[in-house]
Amino acid sequence: MVLSFGGSERKWCWSYGAWLAGLLLITPCQRLSGNENPPFPGERGKQLDLACRDDIWSREPKTFLEKFVRVSRDQVVAFALYTHENGVLKITAQLYPLKPEEPREVRLAFWQDGDWREVARAPVIYPGWSAHFRLTAWDNTRRVRYRVCHGEKASFEGVIRPDPRDKDEIVVASLSCNSNADRGDRQEIVEKLIKQDPDLLFFAGDQSYDHQEHTAAWLLWGWQFREIIRDRPTITIPDDHDIGQGNLWGEGGIVADYPAGDSGGYYYPPEYINMVHRCQTSHLPDPVDPAPVAQSISVYFTRLRVGGIDFAIIADRQFKSGPKGKIPKMGPRPDHVTDPNFDPKSIDLPGLQLLGNRQMAFLQRWTQDWQGAVMKVMLSQTALCGAAHLHGSKDNRLIADLDCNGWPQSERNRVLRVLRQAAACHLCGDQHLAVVVQHGIEEFRDGPFGFTNPAIVNSYYGRWWSPADEKPGGRPIPGSPLPWTGDYFDGLGNRITMFTYANPELGTNAALRKAQRDPAVNRGDGYALVRFRKSDRSIRFECWPRFADLSQGDAAQYPGWPIKIHMLDNDGRKPTGHLPELQFQNVTDPVVQVIDESNSEILYTRRIIGKRFRPPVFSNGPFTIKVGRDRPDQIIAEHLTPTPAESALTVRISGQ
Ligand SMILES: [Fe+2]
C-alpha cells in the first residue's frame, strides 16, 4: 500500500507557523488566523464562511450555524466520505472548526487483526476544515472498518465496502436540494435508505443553501446524513447554491458580475469555490482531465465504477455559457423567457457551450471504454430539458428557463447523442420537481431516459409540470394515473416524452414550507432510487416521498413510479436494417462498435450479452464493425451493408 496526501497549503502553514512559534511562542494558526489574514480575498470575500473562520472562538455565537459548529471537543470529527476506483481509495474527513491550540492533523486507521492500526495521517486544511487521504494499490475485494481520528477523543467510524461486483442488482440513491428552511435532521430519509441499502449514494447538488456559509452548511448536511454515508461510497457534487449563487453558468471560470450568475462565471473568489470543490469532491476518483479552469478554479469531472455500473460524473455548469448579453432578453430576467412570441431557435447560437469541449471529449472516450462496465450512467446537476412549466409559485408560468440544460439546444442534442451511443441514462437533481422523461433528439423517444430526483426538502422553490392547454401529450403513457404524460416540446423546442412527474399539491413556497414536515401533505419531496440489474440489463426508476412508509411497498412511491426500462430503451432509434449476425467464438459479452462510414459517426459502442449479436443500423451505410473484450480495438469487418437475416460472421478476438 502506498500512501500520499494532499494539502500543500498546510505545509506552508506549518513551516511558517513553526518559524513563528519559535520566534513568538504562539501557535502557528493563531498567528495566521483572524482578520489579519482572511481566508478569502477582496470585498466579496469579507463575508464568506464567517461561522467557520478560525477566529470564531473570540466571539459569542449568535446564529444557528454559529452555534451548530461549536461542538464538544470529542465530536470534532464530523463525518467522512469515500470512494474507491481502479485501485485507489480516497477518503475525506470533515472536521468542525478547530481551536488554535488543537492539532491540525487527522489520523486514518483500519481495523486489522482485532485492533485499530494507523495507516496514514493528513493535515487539516483551512479554510474548510477538511483532511484528505489517497491510498493506492487498494484491494477492492476487501471489507474494511475504518476510523478517522482527531486528538485523543474524537473519531468517526465506518466501513469501506468491497466493490459489489457479484451482486446482480446495483442500487443507487439519488438526492439533491437540501433546503435550509428545515434545520432539523433527515432521519425519515436516512432510516428508509438504511433499509433499502443502496450500493452508492449520489448527492447531485445544493447540499447547502447558505450561500456564504458553505462550511457550516456542509457540516449540517453531514450531520443529517452521516449514518448513511459512513458505510458506502458517496458521490457529492456542488451546484449553484453550494458555491453561493442563485444560478451558475460557469463559463470556464470567469468572474461573474453579481451572485445571480447570469453573466457567466463565478461571483465569489476562487479560494471559496476551490474550498467548496475540495470539501465536496476530493474523495471522488481523481479528475480525468485535472487542469484547472480560469482563476485556477479546480475541476472534478471523472468516472466511478461500482459493481459493473460505470458512472460518468459531470459538472454540467462549469463550462456552460451565461445567457446575459449573448441572447436577447425575453422576460423579467436574462434566464427566464416569458415572451409568448419567442422563437427557441433564436437562442440556439453557434459557439454557445454546455458541457464544454473537455467534458465532451471525456464523455466520448468514456462511451468507448467498457472495462469493468456492463451498463453506463451519466450523473450531473441538472436536466437536459426544461421539464417544468410553473416556477416558484403556481401563478408564475415561464416559457423557458435557461438554467436547465435544454439550452443551448444543439449542445443538449450533442450530449444526448453521445449518451445514446452507450445506451446510458442520466440522473440529476436541481429542479425540485421529480420527473422521468425520455429525451427526443431527431424524433420523439429516440434518445436516453433522464430521471430528475425530487428535492430532499421542497420548501425553497417549487416547480410544477402543468401544460398550458391542460392536454395530454402525444401517445400518453398507458396506465399512467397522471393527466399529462406523453410527447411534448419543452419551452426550448426540445422533444421530451413525459413518463411521470411528482407535482406538489400546494401552490406556493410559503405553503410548502408551512407543511414541510406534515406526512399527510404531498410536497413532491423525497429521493430517487435506481436499480440496475446486470443479468437482463434492466433499469428500475423509483421515487420515494420524504415521509413515505416503506411497509406499504411500491404503493408508497409517487404515482407513476416505479418505471422499468431496458438499458437499450436509452437508444430509441428505429432500425432500418441489420448487419450480419456476429458469432463470437472465444469471448462472451464482448464490446461491439458500429461506425457509419458515410459520415464517420459512431452509431453505438456497447457490451452485448452472450456470444451472438445482430447489429441494428439506421441507414444504408456502409458500416465498419469493431469489437474487443473491453474496448472496440479490433476491426472485424468494413464496408458492410444491411443484409438478410440468415447471414452471419464468425468472430475470434485475437490476442486474448
Ligand atoms: Fe436546488
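Criteria and cut-off values
Counting restarts for each chain: residues are numbered from 1 in the order of the written sequence. Restriction of local features to residues with pLDDT of at least 70 applies here, the model being predicted, together with a cutoff of 80 or more for giving and counting side-chain atom pairs; totals for whole chains, interfaces and linings are based on all residues. Per the convention used, a helix needs a DSSP run of H or I reaching at least four residues, while a strand needs a run of E reaching at least two, with both numbered from the N terminus. Using C-alpha atoms as the atom set, the radius of gyration is obtained and then compared with a globule rule of 2.2 Å times the number of residues to the power 0.38. Counting other C-beta atoms within 10 Å of its own, a residue is labelled buried from 20 upward, exposed at 12 or fewer, and partly exposed in the gap between, with every C-beta atom placed from the backbone. Each residue is represented by a C-beta atom placed from its backbone, and any two residues with such atoms within 7 Å are regarded as in contact. The term nonpolar core means buried Ala, Val, Leu, Ile, Met, Phe, Trp, Tyr and Cys residues held together as one set by C-beta atoms within 7 Å. Where each domain begins and ends is defined by an automated method or by a domain database. In this analysis, strands are considered paired if DSSP registers two or more bridges between them. Handedness rule for crossovers: strands pointing away from the viewer, path from the first strand over the helix to the second running clockwise, crossover right-handed. What counts as an axis is a line fitted to C-alpha atoms, over the stretch in contact for a helix, and the angles between N-to-C directions run from 0 to 180 degrees.

Asker: Got a minute to help me understand the overall build of the chain in this structure?
Answerer: Helix and strand counts for the chain come out as 10 helices and 36 strands. The globule rule puts the C-alpha radius of gyration for 656 residues at 26 Å, and the 25 Å found for the chain is close to it. Over its C-alpha atoms, taken along the principal directions, the chain stretches across nearly 85 × 60 × 50 Å. By residue count, 53% of the 656 residues in the chain fall in the buried class. Of the contacts made within the chain by residues no fewer than 6 positions apart, 68% connect residues no fewer than 24 positions apart.

Asker: Would you mind going over the nonpolar core with me for this structure?
Answerer: Core analysis: the largest hydrophobic core is formed by 155 residues, its most contacted members being Leu95, Phe202, Ile235, Ile313, Leu379 and Met498. At 9 residues, the largest contribution of residues to this core is made by helix 6 (residues 214–229). The residue makeup of this core includes at least three contributed by each of domain 1 (2–160) and domain 2 (169–570). In contact with leucine 379, not counting residues within four places along its chain, are Phe202, Ala204, Ile235, Phe311, Ala312, Ile313, Ile314 and Leu427. Ranked by size, the runner-up nonpolar core spans 18 residues in total, among them Leu582, Ile595, Tyr604 and Ile625.

Asker: Help me out: how do you make sense of the pairing of strand 9 (residues 169–178) in this one?
Answerer: Each regular strand shows side chains that alternate between the opposite faces of the sheet. Counting buried residues along strand 9, 9 of its 10 residues qualify, which places the element largely inside the surrounding structure. Bridging between strand 9 and strand 10 (residues 200–203) involves 4 bridges; their strand directions are parallel. Paired with valine 172 across the bridge in strand 10 is leucine 200. Handedness of the crossover is the feature at issue here: the chain leaves strand 9, passes through helix 5 (residues 187–196), returns alongside strand 10, and the resulting connection is right-handed. As defined by bridge partners, strand 9 adjoins strand 21 (residues 455–457) across 2 bridges and the pair is classed as parallel. The residue of strand 21 that forms the bridge with serine 176 is alanine 455.

Asker: Would you mind going over the sheet that holds strand 30 (residues 591–596) with me for this structure?
Answerer: Across a sheet, strands are paired by hydrogen bonds formed along the backbone, either parallel or antiparallel in direction. The strand order 31-30-34-35 describes an open sheet built from 4 strands, whose pairing is antiparallel. Edge positions in the open sheet fall to strand 31 (601–607) and strand 35 (634–640), since each of these has one partner strand only. Taken pair by pair, the neighbouring strands of this sheet meet at an average axis angle of 15 degrees, ignoring direction. By the bridge criterion, 6 bridges tie strand 30 to strand 31 in an arrangement that is antiparallel. For glutamine 593, the partnering residue across the bridge sits in strand 31 and is threonine 605.

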